Amino acid sequence: MAKQESKREPSLPADAGFSTRAIRSGTHRSEYGEHSEALFLTSSFVFEDAQQAADRFQNKELGVVYSRFTNPSVQMFEERLACLEGAEDCVATASGMSAILAVCLGLLKAGDQIVTSGSLFGATIQLFDNFMQKFGVSVRYVSLTDPAAWQAAITPQTKLFYLETPSNPLTELADLQAIGQIARQAGVITVVDNCFLTPALQQPLAFPIDLVLHSATKYIDGQGRVLGGAVAGPKALVDQVRQVVRTCGPSMSPFNAWVLHKSLETLSVRMRAHNANAQALAEWLQAHPAVAKVHYPGLASHPQHALAQRQQCGGGAVVAFELKGTDSVELTEKAFALIDRVQLFSRTGNLGDTRSIITHPASTTHGRISEEARARAGIGAGLLRLAVGLEDLVDLQKDLEQGLR
Ligand SMILES: *Cc1c(COP(=O)(O)O)cnc(C)c1O
């Protein structure tokens, strides 16, 4: 985009704060001088002459060719997200899953090994077990919370450490400093799925972590409208992922990029509000007689509360809790009854919205994986996951109270 380069917003001061960067970075203006960024809803671009077409195709001139490769709206989103994650480079993808797939295809080959934990997003486990293994990539599951287990799992074939922190839905934390250090010493690439906290609450690249990955569908959009994903990190690694996206096609739609680019402007304000609501609700649930246990990193009772205070700003929006009960039949009945009784909480699996949602992971998000994999992920029948939205706290409490009664 050599031409658009000159029309960028004046560069930001090096010490610009998070919200200033979220609002002012990654802006390209067209000849009309629009204040809000334009949407470049076009599949392809025209050239001034045959020579320019040749130069663009042969990469002798930087510039746009076709929206599977580059699109100004997508580039603006990529630049802004890179700026927020403290990354040199970023590539956007059609969804979070395609970001994970592109990382695997770009960085792994048959014979390589992924070391990861069982506490992963359900579809990520399926991608690893059903597809990556089919192409000769082996997967080793270790405890997310035990850095020594990651160290012990390393073999000459280990290429990638893949982790989510906090994990879904139990909010277990990985020690980014310790695990990142182990990987660096062994020459293993680390990838962190930062979708639960976003760069507003956690910036993995400030630790010895190589790549950050997102389902932008969640809190980056934050309003439940579009699918998107992204991978950010050093240019040398992101380029390998970008080649997959450009060739294989899971590129982000310009429309989605435009929506997500705008969403980033309010990310910090939204995440702080999610955080405050979730913290208050977690404390309230912990004191509730029908609740056996609450999983939330912002609670002093969380086994890794001290680590949470070191590596993230607040607990995030996701709160998981376990109902009191004896066996899985009774627990499932109670969990279903609560979900059926709530009136405000949405009954949906898709977290990362202004609207609060309630999910029964064992029968939904983790329902299609084997019983064994579910046990490995610690998903019991009485476990419920809340993704706390931005409604008034008192209304959320009332809704859960009448549901739990
Ligand atoms: C939703 C989610 C994904 C997948 O993202 P999509 O945009 O739905 O493809 C990956 N990781 C985590 C932690 C998620 O919550």
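Model, not experiment: these values are computed from the prediction.

Scoring rules and cut-offs
- Residues numbered from 1 in each chain as written.
- Predicted model: local features only at pLDDT ≥ 70, side-chain atom pairs only at ≥ 80, totals over all residues.
- Heavy atoms only, no water.
- Helix = DSSP H or I, 4+ residues; strand = E, 2+ residues; numbered from the N terminus.
- Buried < 20%, exposed > 50% of the residue type's maximum accessible area, 1.4 Å probe, protein only.
- Contact = heavy atoms within 4.5 Å.
- Pairing = 2+ DSSP bridges.
- Axes fitted to C-alpha atoms, helices over the stretch in contact; angles between N-to-C directions.
- Salt bridge = Lys/Arg side-chain N within 4 Å of Asp/Glu carboxyl O.
- Phe/Tyr/Trp six-rings, centres within 6.5 Å; stacked < 30°, edge-to-face > 60°.
- Lys NZ or Arg CZ within 6 Å of the ring centre and 35° of its normal.

**Thoughts on the environment of S167**
Here S167 is to be found in the loop between strand 4 (158-164) and helix 8 (176-186). Here S167 falls in the buried class, since its relative accessible area comes to 0%. Distance in space between the C-alpha atoms of S167 and P289 is 26 Å, their sequence separation being 122 residues. Leaving out residues up to four positions away in the same chain, S167 has contacts with S119, L144, E172 and F196.

**A look at the sheet that holds strand 2 (residues 113-117)**
Note: strands within a sheet are paired through backbone hydrogen bonds, in either parallel or antiparallel orientation. Pairing in this open sheet of 7 strands is mixed, and the strands run 1-7-6-5-4-2-3 from one edge to the other. Two strands bound the open sheet, and with one partner strand each, they are strand 1 (89-93) and strand 3 (138-142). Shown here is a sheet whose adjacent strand axes are inclined to one another by a mean of 20°, direction ignored. Bridge count between strand 5 (residues 189-193) and strand 6 (residues 211-215): 3 bridges; the pairing is parallel. Bridge assignment links V192 to a residue of strand 6, and that residue is V212. Relative to strand 1, helix 4 (residues 72-85) is tilted by about 130°, and along the sheet it contacts strand 1, strand 6 and strand 7 (229-233).

**Looking at the pattern of salt bridges**
All told, the structure shown has 15 salt bridges when counted by the stated rule. Among the ionic pairs, R80 bridges to E37, the shortest N-O distance being 3.3 Å. A residue pair is termed long-range when its members are at least 10 positions apart, and R80 in helix 4 and E37 in the loop between helix 2 (18-24) and helix 3 (50-57) qualify at 43 residues. A single burial state applies to R80 and to E37, both of which are buried. Between K262 and E265 there is a salt bridge; the shortest N-O distance is 3.2 Å. With K262 and E265 both in helix 11 (residues 254-265) and 3 residues apart, the pair spans about one turn of that helix. On the accessibility criterion, K262 (28% relative accessible area) is partly exposed. Put simply, E37, R80, K262 and E265 are held in one network by salt bridges that share partners.

**A look at the packing of aromatic side chains**
Throughout the structure, instances matching the rule amount to 5 aromatic pairs. Where F128 meets Y162, the ring centres are 5.2 Å apart and the plane angle is 90°; that geometry is what we call edge-to-face. Remark: Y162 occurs in strand 4 and F128 occurs in helix 6 (residues 122-132); sequence separation between them is 34 residues. Here F128 matches Y162 in class, with each residue buried. Directly above the aromatic system of F121 lies the positively charged group of K218, at a separation of 4.8 Å from the ring centroid.

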